[in-house]
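Overview (structure and organization)
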Amino acid sequence: KELGQNFLMDLRVVADLVDVSNPQPGDVYLEIGPGRGVVTKILAPKIKKVMAVELDPDLIPNLKKLSDMINNIGVVNDDVLNFLSSYELQGTYTFNKILGSIPYQITSPLLHELAKLSQKTKIELVVLLIQKEVAQKIAAQPPQASYLSNFVQTYFEVKFVRNVSRETFQPIPKVDGAIVLLKPKTYHLPPSPDDWSAFLHTSFKFPRKMLRKVFDEKMLQESNIRPDQRPQEIPLDAWFNLYKLYGKKNYESRN
């Protein structure tokens, strides 16, 4: 429980999770939270290598047994957030795709680490099984947009693939899941995920209030935003315009 572990048991969902990532013989995957290796053993024969990063030390012996049987599996006992934050693109740690059934409690910090990673490396895609509500939130468009949808969609094209019933996990979690596909964008207007995150947090601090309560009206109008609009109604391009006026002054000055 303390690690937020819910093991995926339905092999049809496992197959879908792998198939959405379109595995190719030359691919090197980072698998997040392989657990008992249910996904790993299906994925590994299709690709060049799997780097399986698992936090729970009790699961490592079985994963290493699996790697002895299928010799293109590398096992790392680490918190994936630590792994990604200290990641350097070199040697056996080079990967072009990321896949995983994610402990729901780390979804938001993981998405932030993936945004940073997408700017430093040539990741082709990310496939995650996450909490359904969060999956819907990151795929949302105005007028149902949120801080998280704007942040994630800055760095990734987001596709909501399918719902996953909570009954497919053991133990059964309290909520349903969903598979999402994230494809990194080739350009990023904000200078860094940290500065962009800070700006969006300011913007969505009072999501039910009109934006003139947060920003100068003249600045909003210059950004093609009506002062009486609310944050969830604003398209991403308009946030970029506002950032150029407000965010650069407030965040780039710190660097």
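Residues numbered from 1 in each chain as written. Predicted model: local features only at pLDDT ≥ 70, side-chain atom pairs only at ≥ 80, totals over all residues. Heavy atoms only, no water.

**Looking at the overall build of the protein**
Counting secondary structure elements, the protein contains ten helices and nine strands. Evaluated residue by residue, the protein yields a buried proportion of 51% over its 255 residues. A separation of at least 24 residues holds for 65% of the contacts in the protein among residues at least 6 apart in sequence. About 12900 Å² of surface is accessible on the protein, with carbon and sulfur atoms providing 48% of the total. (Helix = DSSP H or I, 4+ residues; strand = E, 2+ residues; numbered from the N terminus. Buried < 20%, exposed > 50% of the residue type's maximum accessible area, 1.4 Å probe, protein only. Contact = heavy atoms within 4.5 Å. Areas by Shrake-Rupley, 256 points an atom, 1.4 Å probe, with all protein chains shown as cover.)

**With respect to the side chain of E54**
Here E54 is to be found in strand β3 (residues 49-54). Buried E54, no salt bridge; nearest opposite-charge side chain is R36, N-O distance 9.5 Å. A polar side-chain atom of E54 sits 2.8 Å from the main-chain amide nitrogen of G35. (Lys, Arg positive; Asp, Glu negative; His and termini not counted. Salt bridge = Lys/Arg side-chain N within 4 Å of Asp/Glu carboxyl O. Polar contact = N/O pair within 3.5 Å; in protein donor to acceptor, adjacent residues only side chain to side chain.)

**Points about the side chain of S118**
Within the secondary structure layout, S118 lies in helix α5 (residues 107-120). Here the side chain of S118 touches A115 through a polar contact of 2.7 Å, landing on its backbone oxygen.

**Things to note about the pairing of strand β4 (residues 73-77)**
Direction of pairing for β3 relative to β4: parallel, over a ladder of five bridges. Bridging from a neighbouring strand, M51 pairs with G74 of β4. With helix α3 (residues 60-69) bridging β3 and its parallel neighbour β4, the resulting β-α-β unit is right-handed. (Pairing = 2+ DSSP bridges. Right-handed = clockwise from strand over helix to strand, strands pointing away.)

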